[in-house]
Amino acid sequence: MTQFLNYLVLGLTRGSLYALIALGYTLVYGVLQLINFAHSEVFMSGAFGSYLVISAVVGNGKGTSSWEVPFVMLLGVVTGAVTAGAIAWSLERVAYRPLRRRNAPKLAFLISAIGASFFLSQLFGKMFNRFTNNQFPPFFNDNSVAFTIAGAQVRVIQVVDILAALVMMVLLDRLVNKTKLGRSIRAVSEDAPTAALMGIDIDRTISRTFVIGGLLGGAAGFLFGLNFSFFNTMGFLPGVKAFAAAVLGGIGNIRGAMIGGLLLGIVENIIPTLPWVGTEWTDVVAFIVLVLVLMFRPTGILGERLGRAA
Amino acid sequence: MSAPQPLLDVREIEVRYGAIRALKGVSFSVGAGEVVALLGANGAGKTTTQKTVSGMLRPVAGTIEFEGRRIDGTPAHKLVDLGICHVPEGRHVFPRMTVAENLDMGAFRFKQPDPADLERVLELFPRLKERYGQHSGTLSGGEQQMLAIGRALMGKPRLLLLDEPSMGLAPLIVAQIFDIVREINRSGVTVLLVEQNASQALSLADRGYVLETGDIVLEGAGRDLLADERVRAAYLGEEIAAS
């Protein structure tokens, strides 16, 4: 039971990060009908961006007093988000917009995405010496326990991850449903040419959508790096899993990405606790989920429609 | 012919889809307050003409002036700010948004939708009031057409482009929609109407132009075109047979 709960909390933690990343895939898919395969590197850039700022602020982290910790974490979320938002913005400008101008076929976008993904990953590898296990300076006690349920210890960092992700998801939901920017994103997702007839600048909306996806992904990059470790190829596995989560929830559907992320995180961590299975099956489970969804419900949990009306 | 300073003046526009010349030098004008109909068979270039006026397509040659200002090549989202509102063929409401949200989208160019406009739209289309909170994907074709027109009215159009408002609708609904278009026009909105339903369009229009494979082949007052032998033969065949 205790073990089960421990893995449930781990699943929630990872799941909320998957959800943040999955939102980036799903938002961009909504406006462009394109899987932005470079999004995993946008996520990764958030970890490095926040690392540069945080290590400059707290040094080796030994001198950080406990009241400063929440502020440092907030700083990390913000700087991670901003870095990745900037990377996502540039990505759209360099790798996608020129293709859109030329009405390039979908395959060209895909190749461009993969190229951009390798480029960013190798660029950060070169800049940061390709260490495989970079850690944030220990500015807080990684093991401090927030509370215990039925013997299962919930660490502070896990609470931070989950709460931060929840707050960002609520904010995004409000942004999409209540603001003008959100309405323009929804309109472009539903029917871009008609959105233009309403006075919506499609290019600007696409650009802002990339930035929003980048902000969320970058914040996740910081939280992921803080919880585990970070390196230039760190984006690959969480990226592919978040993509699976977005498909699970229904690609293009914002709430679907949130649900899909949480669900995938929980499932991939719970199933391996069953007898005869083991934690080495975690990644396998995630991809089995992807395959099963694609086979039996390709539109995902909340996606009723894939083909849009002409 | 028309008012001395036309609201919309289209001169010799040429539009291509790849190697295909869809418009081969189309010229026409729309005076302030007029209803002008563009008629023609499928593929004649009516929709292409309208899309070019609203900025969805870019002409490779020719000019378009709106109130004396060049607008050809200006993207659609900027032309909305001049009051050029386009109700596209096939209605294109946002299916996953409610009727209310769709109407809001029509007023996107303003900070806030004007409550007076909303009131007027709901007055013109009482059906939209009944369906106000409903997702527009669940509306009937006629209701969607009403929503599409209502949405355009929320943008305070000076020139309303209507593309095949009668398409796929029952005759009773078509008559209703044309009545409302007439009413909209009376309130001071200039209308450029694209229709295959020539008799309906010409009974409403002050003037009309007939397009054939990318060229204007005939123009005149609505009444004259309605009586024109060639128009009757080519576009009103069904109506003659029926009457």
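Now for a look at the structure at hand. (Residues numbered from 1 in each chain as written. Chains lettered and ligands numbered in written order. Predicted model: local features only at pLDDT ≥ 70, side-chain atom pairs only at ≥ 80, totals over all residues. Heavy atoms only, no water.)

1. Some remarks on the interface of chain B and chain A
So, point 1. Contacts between chain B and chain A engage 21 residues on the former and 19 residues on the latter.
So, point 2. Of the roughly 2,000 Å² buried between chain B and chain A on both sides combined, carbon and sulfur atoms contribute 61%.
So, point 3. Considering only the side of chain B, the residues that lose the most area to chain A are His77, Arg96 and Phe108 of chain B, jointly responsible for 34% of the buried surface there.
So, point 4. Where chain B touches chain A, the interface holds one salt bridge.
So, point 5. For Glu101 of chain B, the salt bridge goes to Arg186 of chain A, with nearest N and O atoms at 3.0 Å. (Contact = heavy atoms within 4.5 Å. Buried area = accessible area lost by both parts, 1.4 Å probe. Salt bridge = Lys/Arg side-chain N within 4 Å of Asp/Glu carboxyl O.)

2. Some remarks on the pairing of strand β1 (residues 145-149) of chain A
Residues and elements named next belong to chain A.
So, point 1. In this structure, β1 lies alongside strand β2 (residues 152-155), joined through four bridges in antiparallel fashion. From the neighbouring strand, Thr148 faces β2, where its bridge partner is Gln153.
So, point 2. Where β1 hands over to β2, the hairpin turn is made up of two residues, of which Ala150 adopts a positive phi near 45 degrees. (Pairing = 2+ DSSP bridges. Helix = DSSP H or I, 4+ residues; strand = E, 2+ residues; numbered from the N terminus.)

3. Here we look at the pairing of strand β4 (residues 61-66) of chain B
If a strand is regular, its side chains alternate between the two faces of the sheet.
All names here are of chain B.
So, point 1. Pairing between strand β1 (residues 8-17) and β4: five bridges, direction antiparallel. If you follow Val10 over to β4, its bridge partner there is Ile64.
So, point 2. Looking at chain direction, β4 and strand β5 (residues 69-70) are connected through two bridges and run antiparallel. Among the inter-strand pairings, Phe66 is bridged to a residue of β5, identified as Arg69.
So, point 3. Here β4 folds back onto β5, and the loop between the two strands holds two residues, one of which, Glu67, carries a positive phi near 50 degrees.

4. Some words on a nonpolar patch on the surface
Residues and elements named next belong to chain A.
So, point 1. Taken together, the side chains of Ile271, Leu274, Trp276, Val277, Trp281, Val284, Ile288, Val291, Leu292, Met295 and Phe296 define a hydrophobic patch exposed on the protein surface, amounting to about 1,200 Å² of accessible area.
So, point 2. Its location among the elements puts Ile271 in the loop between α9 (254-270) and α10 (282-296).
So, point 3. Residue Ile271 is classed as partly exposed on the basis of its relative accessible area, which comes to 32%. (Patch = residues over 30% accessible without salt bridge, like charges linked within 9 Å, V, L, I, M, F, W, Y side chains within 5 Å. Areas by Shrake-Rupley, 256 points an atom, 1.4 Å probe, with all protein chains shown as cover. Buried < 20%, exposed > 50% of the residue type's maximum accessible area, 1.4 Å probe, protein only.)

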